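Fold and geometry: a report
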Amino acid sequence: MKRLIVHHGSPLRGAVPVGGSKNAALPILAATLLCEEPCIIGNLPVIRDVERMLTILIHMGCTVERIDRATYRIDSREAVVPATPDKLTQDLRASSYLLGAGLGRFGEGRIGKIGGCDFGGRPIDQHIKAFAALGGSVCLSEEEITVCAPALIGARVDFDTVSVGATVNAMLAAVRAKGETVLFHAASEPHIVDLARFLNRCGADIRGAGTGVIRIRGVEHLHGCTYGIIPDMIEAGTYLLAAAATRGAVSARGIPPDQLRPLTEKLRQMGADVDCEENTVTVFAASPLRAVSVDTRPYPGFPTDLQPQMVAALAVSQGVGTVRENVWHKRFRYVEELHKMGASIRVFDNRATVVGGSLTGTSLNVPDLRAGAALLIAACAAEGESVLFGIEPIMRGYEDILYKMQSLGADIREEE
Ligand code: UD1
């Protein structure tokens, strides 16, 4: 079992290169199944979730070749619908995208139980709604989820809630369906735009990605292409919040500032200086920051994936901040770990009230990916030594996080 030992150190300072976006890479890798020619995908983040998705593609008969550290060639011409790959899919939430991609390619998708971070239930009714609208029938059992359709016919899909996963799955299923599909109340995250851009590069006809209405005219075939994944706004935001919490100065390099506006606006309100250049965002937080109120929302709102890291920063700020979680109402399991460090945080329903103060290092258990990043930030800002156990979720989604934190001056090491 690996663990991280973190000591209170000097404020984090320096620049980190931002890797490829996890949330764009996983749907795009699933989408390569729809292509009848090889694709070369670059700027893939070097993380376990990407390794897992590539392993699943190999399991499905794709030929996957590594070209360099972050670039793979994926040839799905020989791909088949897999026998239940439970062990492979159970650790990866994004394996649900193989349902939409399988439906679009073979008229059938099949996966085992879906894994991923546990935020107290992660429904898929909107995915099912989209599949059904296009002519698919879904079968749910204890062991697997299957979806099949004799033919996919374009349809109007009105989502009841904004869902990234359901929007991705609907796009994957509709891209080769007959006729036009229109998705209303669609998610508009940069990774949805990236998926549309990739599919269009392969010959798809998708318009409106990045807005709440996406129109997809089905095409018969998709060819291959060479494509680079967008940078990871959540990774960038995590390092900027680490700078805020440790009163340091960190530049995230290779990220369009626009995508981080909800975070940088909050950081400015907190009293940090934020400098936005073309592809670099720098946060200077020399003095203690002030508390703010944050409401998470689908893009372009404040991202739920930066909520735990923001709570960690608020825990060492001045004043009383509130954080309302509107996407995953139960995404506060990590707060009990912050309590062990002396944080004063009260959670009621989907709202956390955070009284800023100081933290003391202690033993911590990592409950999920972004919570793990939040605990790492808290540990860097806390007095004394912290030991983080169960760090696998962090490694699943952050590329070279130890190296990057160390390069900013964090006193952190990994131990068996
Ligand atoms: C969501 C986040 C995404 C984040 C990811 C992991 C949004 C809109 N999505 O994506 O930014 O990276 O979690 O933290 O911010 N829902 C349903 N039925 C469904 C699907 C979803 O009710 O079929 C609800 C969920 O309970 C949740 C909300 O919709 O409250 C957003 O879910 P969704 O966007 O699908 O989740 P992810 O794709 O995992």
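Residues numbered from 1 in each chain as written. Predicted model: local features only at pLDDT ≥ 70, side-chain atom pairs only at ≥ 80, totals over all residues. Heavy atoms only, no water.

1. Some points on the layout of surface pockets
Rules: In the cavity and pocket records, a cavity denotes points on a 1 Å grid over the protein atoms alone where a 1.4 Å probe fits but cannot get out, a pocket denotes an open set with protein on both sides within 12 Å along at least 5 of 7 lines, and lining residues are residues with an atom within 4 Å of a point. Grid points are joined across faces, edges and corners, and a volume is the space filled by probe spheres set on the points. A helix here means a DSSP run of H or I that spans at least four residues, while a strand means a run of E at least two residues long, and both kinds are numbered starting from the N terminus. Under the scheme applied, nonpolar residues are Ala, Val, Leu, Ile, Met, Phe, Trp, Tyr, Cys and Pro; charged residues are Asp, Glu, Lys and Arg; polar residues are all the others, including Gly.
Within this model, the largest pocket holds a volume of roughly 1,100 Å³. Of all the secondary-structure elements, those providing two or more residues to the lining of the largest pocket are α1 (22-31), α5 (125-133), α6 (164-174), α8 (233-246) and α12 (369-381). For the lining of the largest pocket, the element with the highest residue contribution is α1, accounting for four residues. In terms of residue class, the lining of the largest pocket is built from 20 nonpolar, 16 polar and twelve charged.

2. Looking at the site of the ligand
Condition: It suffices for a single heavy atom of a residue to lie within 4 Å of a molecule or strand for the residue to be listed as near it. Each polar contact in these results corresponds to two N or O atoms within 3.5 Å; when the atoms are within protein, one needs to be able to donate a hydrogen and the other to accept it, and residues that are neighboring in sequence are counted only if both atoms are side-chain atoms. Exposure was quantified through the Shrake-Rupley algorithm and a 1.4 Å probe, taking into account, for residues, occlusion by the shown protein chains and nothing else. Where each domain begins and ends is defined by an automated method or by a domain database.
Around the ligand sit 20 residues in total, of which R122, S163, V164, D305 and V327 are the nearest. Within the side chain of N23, one N or O atom sits 3.1 Å away from an oxygen atom of the ligand. Between the ligand and the protein, one listed contact pairs an oxygen atom with a backbone N or O atom of P123 at 3.3 Å. Here the ligand has 720 Å² of accessible area as a free molecule, and 84% of this is covered by the chains. Counting residues per element, the shell around the ligand draws most heavily on α5, which supplies three residues. Partitioned by chemical class, the residues of the shell around the ligand number eight nonpolar, seven polar and five charged. The residues that make up the shell around the ligand include at least three from each of domain 1 (3-19 + 232-415) and domain 2 (22-218).

3. A few points about the nonpolar core
As a reminder, the rule being used: Grouping buried Ala, Val, Leu, Ile, Met, Phe, Trp, Tyr and Cys residues that are joined through side-chain atoms within 4.5 Å yields what is termed a nonpolar core. To sort residues, take the accessible area from a 1.4 Å probe on protein chains only and compare it with the maximum for the residue type: under 20% means buried, over 50% means exposed, and anything in between is partly exposed. Contact definition: two residues touch when any of their heavy atoms are within 4.5 Å.
In terms of nonpolar packing, the biggest core is built from 75 residues, with L263, L267, L338, L388 and M405 touching the most fellow members. Looking at which element gives the most residues to this core, the answer is α12, with eleven residues. In this view, L263 contacts G237, L240, L241, F302, L306 and M310; residues no more than four positions away in its chain are not counted. By size, the runner-up hydrophobic cluster in this structure holds 70 residues, among which are A30, C62, I124 and L152.

4. Overview of the sheet that holds strand β10 (residues 180-184)
The condition is simple: DSSP calls a pair of strands paired once it identifies at least 2 bridges connecting them. Here, axes are lines fitted to C-alpha atoms. For helices the fit covers the stretch in contact, and angles between N-to-C directions go from 0 to 180 degrees.
As summarised here, the arrangement of the four strands in space is β9-β10-β12-β11, forming an open sheet in which the pairing is mixed. In this open sheet, the two strands that pair with only one neighbour each are β9 (156-158) and β11 (205-207). Adjacent strand axes in the sheet meet at a mean angle of 15° when their direction is disregarded. Both β9 and β10 contribute to a ladder of three bridges, which runs parallel. Along β10, the bridge assignment pairs D158 with F184.

5. Some thoughts on the domain arrangement of the protein
Defined as follows: Summed over both partners, the accessible area lost on bringing two parts together, with a 1.4 Å probe, is the buried area.
Its domain assignment divides the protein into domain 1 (3-19 + 232-415) and domain 2 (22-218). For domain 1 and domain 2, the distance between their C-alpha centres works out to 30 Å. Between domain 1 and domain 2, the contact holds 21 residues from the first and 21 residues from the second. Between domain 1 and domain 2 lies a buried interface of about 1,900 Å² when both sides are counted; carbon and sulfur atoms form 53% of it. Considering only the side of domain 1, the residues that lose the most area to domain 2 are Y299, W328 and R396, jointly responsible for 34% of the buried surface there.

6. Considerations on the environment of K404
Structurally, the position occupied by K404 is in helix α14 (residues 401-407). K404 sits in the buried class, given a relative accessible area of 4%. With 387 residues separating them along the chain, K404 and P17 place their C-alpha atoms 8.3 Å apart. Not counting residues up to four positions away in its chain, the partners in contact with K404 are V16, P17, G19, E235, Y239 and E399.

7. Overview of the environment of F284
By the secondary structure assignment, F284 is in strand β16 (residues 280-284). Here F284 falls in the partly exposed class, since its relative accessible area comes to 39%. Between the alpha carbons of F284 and R13 there is a distance of 9.0 Å; along the sequence they are 271 residues apart.

8. Some details on the sheet that holds strand β15 (residues 273-276)
Taken together, the four strands give an open sheet; going across it, the order is β2-β14-β16-β15, and neighbouring strands pair in mixed fashion. Each edge of the open sheet carries a strand with a single partner, namely β2 (13-17) and β15. Along the sheet, successive strands turn relative to each other by an average axial angle of 15°, direction set aside. One ladder, built from five bridges, connects strand β14 (residues 249-253) with β16; its direction is antiparallel. Residue pairing across strands places S251 opposite T282, the latter belonging to β16. α8 rests against β2, β14 and β16 of the sheet, and its axis sits at about 170° to β14. Contacts between helix α9 (residues 261-269) and the sheet are confined to β15 and β16, with β15 contributing the most and set at about 145° to the helix.

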